[in-house]
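Residues per chain, in single letters:
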Amino acid sequence: MALSVIGFTVLWLIIVPSLPSVDTLRDVELQVPLRIYSADDRLITTVGEQRRIPLTIDDIPLQLKQAFLAAEDDNFYRHPGIDWRGTLRGVFGYVRYMGQRRVPGGSTITQQVARRFYLSNEFSLTRKVREIFLAMKIERELSKDEILELYLNKEFLGHRAYGVGAAAQIYYGKAAEELSIAETAMIAGLPQRPSVVNPVTNPGLALDRRSYVLGRMRDEEFISQAEYETAMIEPDNARLHGPQAELDAPWIAEIARQEAVDRFGANAAYTRGYTIVTTADSRLQQAADRAVRDGLDSYDRRHGWRGAERELDTALLQNREGLLELLGNTRVIGDLRPAVVLQSSAESAILLERDGSEVELGLEAVAWAREHLARDALAARPEAVEQVLSAGDLVRLRPGEDGPQLAQVPEAQAALVSLKPDTGAVVALVGGLDFGASQFNRATQSRRQPGSAFKPFIYAAAIDNGYTPASLVNDAPIVFDDPSQERTWKPMNFSERFFGPTRLREAMVHSRNLISVRLVMDMGVQPTIDYVADFGFKRGEIPNGPSMALGSASITPLELATAYAVFANDGFAVEPHFLHAIIDDEGRELSLPPRPIACPECGDRETRVANPQQPLNEDGRNAPRELDLELAADRGRTEESTQDQAGGEATDGSDEANAGDLQGPAVPVYAERVIRPQTAWLIRSMMGDVITDGTGRRALALGRDDLAGKTGTTNDQRDTWFSGFNPHLVTTVWVGMDDNEPLGRFEQGGRTALPIWVDYMQVALNGSPERPDPVPVGIVEARIDPESGLRVRSGAAGAVDEWFPAGNLPPLKQREDEESEDAADPYEIF
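Owing to the predicted nature of the structure, the values given are computational and were not obtained by experimental measurement. (Residues numbered from 1 in each chain as written. Predicted model: local features only at pLDDT ≥ 70, side-chain atom pairs only at ≥ 80, totals over all residues. Heavy atoms only, no water.)

### Focus on the overall build of the protein
In terms of helices and strands, the protein carries 24 helices and 28 strands. Residue burial in the protein is summarised as follows: out of 830 residues, 50% are buried. The long-range fraction of contacts in the protein, counting pairs at least 24 apart against all pairs at least 6 apart in sequence, stands at 69%. Of the roughly 39000 Å² of accessible surface on the protein, a fraction of 49% belongs to carbon and sulfur atoms. (Helix = DSSP H or I, 4+ residues; strand = E, 2+ residues; numbered from the N terminus. Buried < 20%, exposed > 50% of the residue type's maximum accessible area, 1.4 Å probe, protein only. Contact = heavy atoms within 4.5 Å. Areas by Shrake-Rupley, 256 points an atom, 1.4 Å probe, with all protein chains shown as cover.)

Next comes the structure, spelled out in structure tokens:
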């Protein structure tokens, strides 16, 4: 005994000083995955290797704690950190087998905590001795409840589940407090061999382990005999449950994930328990997904049936289990589920779905499936189902109002971006048909030509250059050398017709190409580029030639939506953003870069209006006017004043002095005005007519008077667009092929993109009242002759109303018996 005491003392003096500090356990950071939510608190996804849901000891149900104590350490609340009997049993076993194999050593929960946090699973006598001494040290410095809380949150329980909270969710899809006694016992039995003996990997052995734990719970009187018997016969329904995502928004989630990695680094982003709240609105995001899928399905049906996705060996049709396994391994793409045709006749076909259900499709369900011969050529309508579907065909089904419908994976792709024009917050984003099939985000990464959707920016430049909606420009052929095209260029209207002198409003409504080209040539290519760049477009993506008037720039749907927000918010350049808040694991909201907001009521202290007629600096930008220089000076004085008030120069040099001065809500950052409110209003007025009288008439289905927008279609129908807005929301839709192939001769923005826009906005604007668009100061109304654009006297026959910038009204049209040298000549500029 004396030798034992001496030996123990020597070991204590040698080992204890080298043990790690237990204080670190109080501040331990459990690896908690990144969670991403929508703005209305719907979970989008979790990101991280370890799945963990930390719980406090008070949050863990008593029965769950008792189950672990019964299974792992029934003497936990009475021993000093080690179980002497178990330890001696381990020593004798170690001696018996000469240290050549592992033996049961009776590790207590405290010893397991010591091993999980500080030591390894190395099989050695040295590691075991250090574990014993460290357990005793932990017991002296932490309470039993603190130790048990660490254990129940740290323990690996299989399938990437760390801790009881994660295990309850992963195996049963429940919170810990919702577990039954049997499920509690199953989880409590996992620590022994979690990767092998768990209810998913090895249900049989897991049930045996559950029975053992239930018996121990009964023996310890944690449950009654009746509860034991009920739990023993309860079937186990464990299966793998992913994180309970409440919103499918993978495109926005990926943007948020990348933001977290850029800010914190990958390891910290995925393990520190950060929560990101995005700007996405779940109702709008779901509407965007449905609209894109419906739009692509409609396009695909117009171009016919391309045949089965795969043709299976008919012998496989006799193996139902094999078919179900094949279907289970075939991805669902968007909302297109795989199915196998079991049998087909002239009247109907029977299809097997991946859930084992069977679906019957009649001739009406396949009537759309005319054989695809070429992009613009289809065969005759099928007269029998078997002409479309044959036994063994692997095809796709899409949910419909009348049940599953025959479908196919669309060839085309689409993107949708919707944001708030006053803040730039992106409330919905779809980057393609299916994120799993292609992570390429067409809304933010794909640079395509916007076509006529770019024209409003040219018209805005024209208005700021002295044109009005009534100005006449000649719609006539023109040929010239375009440096950006490296060839002679002869632009044409889509209709390949010419309409002569045309008012700007009519040219916008009917999307006349030659009018835009002549405007750019009159204003100058470089000054026009300077002007449109202020909307947020990258200069390098805008061609240095007149073709830029027809939307030959390379831009993303997000950039176009952001630029249209300038028209919607009275002329302010907002920045698109996706993050509403970042919250750390202690619930503190972290700082984000300031996001400028549009504030028409705040005056023009941030105003800078680009004007092609202004002189240019050496860098090609507009030279500052006197007003701009005064505003800059005012901002400088304001910033200096703000720094003084905020304690920018703390008199005592202490951080506390600065912190004490920084009180109250954050000062808002106002967006810079890039066009005058009068210009923005006139463009809105003209784009409103695009919807009422022009290429955007499909939007009349919404039954609103506060909409404005513009279609866009590029050469050979390779890119089709619709970008539109009201005071509440700006939405841009693009439809095209990833390989830049033509969509088809009759596919235009009003036929492909606009229906998607309408379907989405029908939901997005539901319950949103129409907001009147009052005429701003500086805009006046006059009656004009629609043929000449000139003002006419009251009561003139055929006159129409038009709006003008004050001080820029057209001259009065002379009566036939009057002569005037000032009569306007629409051909004068060319």
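### Points about the nonpolar core
Judged by nonpolar contacts, the single largest core of 123 residues is most densely connected at Phe457, Tyr459, Leu519, Phe535, Trp757 and Tyr760. Phe117, Ile138, Leu148 and Ala166 belong to the second largest nonpolar core, which has 51 residues in total. (Core = buried A, V, L, I, M, F, W, Y, C linked by side-chain atoms within 4.5 Å.)

### Concerning the sheet that holds strand 25 (residues 719–726)
Read across the open sheet, the five strands follow the order 15-14-26-25-24; overall the sheet is antiparallel. Two strands lie at the open edges of the sheet, namely strand 15 (426–430) and strand 24 (708–713), each paired on one side alone. Averaged over all neighbouring strand pairs, the angle between strand axes comes to 5°, with direction disregarded. Where strand 14 (residues 413–419) meets strand 26 (residues 729–736), seven bridges bridge the pair, whose relative direction is antiparallel. (Pairing = 2+ DSSP bridges. Axes fitted to C-alpha atoms, helices over the stretch in contact; angles between N-to-C directions.)

### Thoughts on the pairing of strand 1 (residues 34–37)
Burial along strand 1 is two-sided: Leu34 and Ile36 facing one way and Arg35 and Tyr37 facing the other are all buried. Examined bridge by bridge, strand 1 and strand 2 (residues 43–47) share four bridges and lie antiparallel to one another. The residue bridging Leu34 from the neighbouring strand is Val47, located in strand 2. Hairpin connection of strand 1 to strand 2: five residues between the antiparallel strands, including Asp41 at a positive phi of 65°.

### A closer look at the sheet that holds strand 2
Sheet strands associate in pairs through backbone hydrogen bonding, adopting either a parallel or an antiparallel arrangement. With respect to topology, five strands assemble into an open sheet ordered 2-1-5-21-22, the strand pairing being mixed. The open sheet has two edge strands with one neighbour each: strand 2 and strand 22 (589–590). When strand 21 (residues 579–583) meets strand 22, the two strands line up antiparallel, connected through two bridges. Looking at strand 22, one finds that Ile582 is bridged to Leu590. Packing against the sheet, helix 12 (residues 250–264) makes contact with strand 1, strand 2, strand 5 (275–278), strand 21 and strand 22, and its axis sits at approximately 135° to strand 1.

### Observations regarding the packing of aromatic side chains
The full count for this structure, using the stated rule, is 18 aromatic pairs. Considering the side-chain rings of Tyr564 and Phe567, the 6.1 Å spacing of their centres and the 85° angle between planes classify their relative orientation as edge-to-face. Taken together, the positions of Tyr564 and Phe567, both in helix 20 (residues 557–568) and three residues apart, correspond to about one turn of that helix. Here the two residues Tyr564 and Phe567 agree in accessibility, since each one is buried. (Phe/Tyr/Trp six-rings, centres within 6.5 Å; stacked < 30°, edge-to-face > 60°.)

### Observations concerning the side chain of Asp297
Structurally, Asp297 can be placed in helix 14 (residues 282–302). In contact with Asp297, not counting residues within four places along its chain, are Arg398 and Ala407.

### Overview of a negative patch on the surface
On the surface, Asp58, Asp59, Asp145, Glu177 and Glu178 cluster together into a negatively charged patch. Residue placement: Asp58 occurs in the loop between strand 3 (51–52) and helix 3 (62–72). (Patch = residues over 30% accessible without salt bridge, like charges linked within 9 Å, V, L, I, M, F, W, Y side chains within 5 Å. Salt bridge = Lys/Arg side-chain N within 4 Å of Asp/Glu carboxyl O. Lys, Arg positive; Asp, Glu negative; His and termini not counted. Charge placed at Lys NZ, Arg CZ, Asp CG, Glu CD.)

### Overview of helix 3
Here helix 3 lies mainly inside the structure; nine of its eleven residues are buried. Within the span of helix 3, buried status applies to Leu64, Lys65, Gln66, Ala67, Phe68, Leu69, Ala70, Ala71 and Glu72.

### Quick word on the packing of helix 14 against helix 24 (residues 749–764)
Relative to each other, helix 14 and helix 24 sit at 150°, their axes nearing to 8 Å. Taken together, the axes of helix 14 and helix 24 lie roughly antiparallel to each other. The two elements helix 14 and helix 24 meet at a crossing, and its hand is right-handed. Of the residues in helix 24, those in contact with Arg283, Leu284, Ala287, Ala288, Arg290, Ala291, Val292, Gly295, Tyr299 and Arg302 of helix 14 are Arg751, Thr752, Ile756, Asp759, Tyr760, Val763 and Ala764. Here the residues of the contact of helix 14 with helix 24 are counted per class, giving ten nonpolar, two polar and five charged. (Parallel < 35°, antiparallel > 145°, perpendicular 65-115°, else oblique. Left-handed = near helix turned anticlockwise from the far one by under 90°. Nonpolar A, V, L, I, M, F, W, Y, C, P; charged D, E, K, R; others polar.)

### Thoughts on the pairing of strand 5
Taking every second residue as pointing to the same face, both faces of strand 5 are buried, with Thr275 and Val277 on one and Ile276 and Thr278 on the other. As judged from the three bridges shared by strand 1 and strand 5, these two strands associate in the parallel manner. Bridged to Tyr37 within strand 5 is Val277. Looking at chain direction, strand 5 and strand 21 are connected through four bridges and run antiparallel.

### A closer look at the confidence of the model for the protein
Scored by pLDDT, the protein comes out at a mean of 84, with 82% of its residues at no less than 70. A low-confidence stretch, residues 605–664 stays under pLDDT 50, and its non-local contacts, those more than four residues away or across chains, total 69 contacts. Ignoring residues within four places in sequence, the model shows residues 826–830, a span with pLDDT below 50, making nine contacts including any to other chains. (pLDDT = per-residue confidence, 0-100.)

### Quick word on helix 12
For helix 12, which comprises 15 residues, the first-to-last C-alpha distance of 21 Å matches the rise-based estimate of 21 Å (1.5 Å per residue) to within 8%. Every buried residue belonging to helix 12 is among Pro250, Trp251, Ile252, Ala253, Ile255, Ala256, Arg257, Ala260 and Val261, and all of these are buried. Gly265 occupies a position one or two residues after helix 12 and carries a positive phi of about 90°. (Expected span 1.5 Å × (residues − 1).)

### Things to note about the packing of helix 16 (residues 455–463) against helix 20
The interhelical angle for the contact between helix 16 and helix 20, taken along N-to-C directions, is 35°, at an axis separation of 11 Å. Every pair of crossing elements has a handedness; the one defined by helix 16 and helix 20 is left-handed. Of helix 20, the residues touching helix 16 (which contributes Pro456, Phe457 and Ala460) are Leu560, Ala563, Tyr564 and Phe567. Partitioned by chemical class, the residues of the contact of helix 16 with helix 20 number seven nonpolar, no polar and no charged.

### A closer look at the environment of Val430
Here Val430 shows up in strand 15. The sequence separation of Val430 and Arg442 amounts to twelve residues, and the corresponding C-alpha distance is 8.1 Å. If we ignore the near neighbours within four places in the chain, the residues touching Val430 are Trp251, Gln285, Ala288, Asp289, Val292, Ala414, Ala415, Leu416 and Ala443.

### With respect to unusual backbone geometry
The phi dihedral of Ser511 falls on the positive side, at around 55°, and the residue is not glycine. Residue position: Ser511 is located in the loop between helix 17 (504–509) and helix 18 (513–523). The class of Ser511 is buried, set by a relative accessible area of 11%. One non-glycine residue, Asn740, adopts positive backbone phi at about 65°.

### Topic: the environment of Arg745
By the element assignment, Arg745 lies in the loop between strand 26 and helix 24. Separated by 369 residues in the primary sequence, Arg745 and Asp376 have C-alpha atoms spaced 6.7 Å apart. Setting aside anything within four residues of it in sequence, one finds Arg745 in contact with Asp376 and Gln717.

### Considering the side chain of Asn153
With respect to the helices and strands, the residue Asn153 is situated in helix 7 (residues 144–154). Asn153 sits in the buried class, given a relative accessible area of 4%. In contact with Asn153, not counting residues within four places along its chain, are Leu30, Arg52, Ile53, Pro54, Leu55, Tyr162 and Gly163.

### Some thoughts on the pattern of salt bridges
When charged atoms on two side chains of opposite charge get close, those side chains can pair. Throughout the structure, instances matching the rule amount to 38 salt bridges. Two residues, Asp570 and Arg684, come together in a salt bridge whose shortest N-O distance is 3.1 Å. Placement of Asp570 in the loop between helix 20 and strand 20 (572–573) and of Arg684 in helix 23 (residues 677–693) is noted, with a sequence separation of 114 residues between them. Looking at Asp570, the relative accessible area reads 22%, which means it is partly exposed. Residue Arg684 is classed as buried on the basis of its relative accessible area, which comes to 10%. For Asp716, the salt bridge identified is with Arg718, shortest N-O distance 3.4 Å. Overlapping salt bridges bring together Asp294, Asp297, Arg301, Asp335 and Arg398 as one network.

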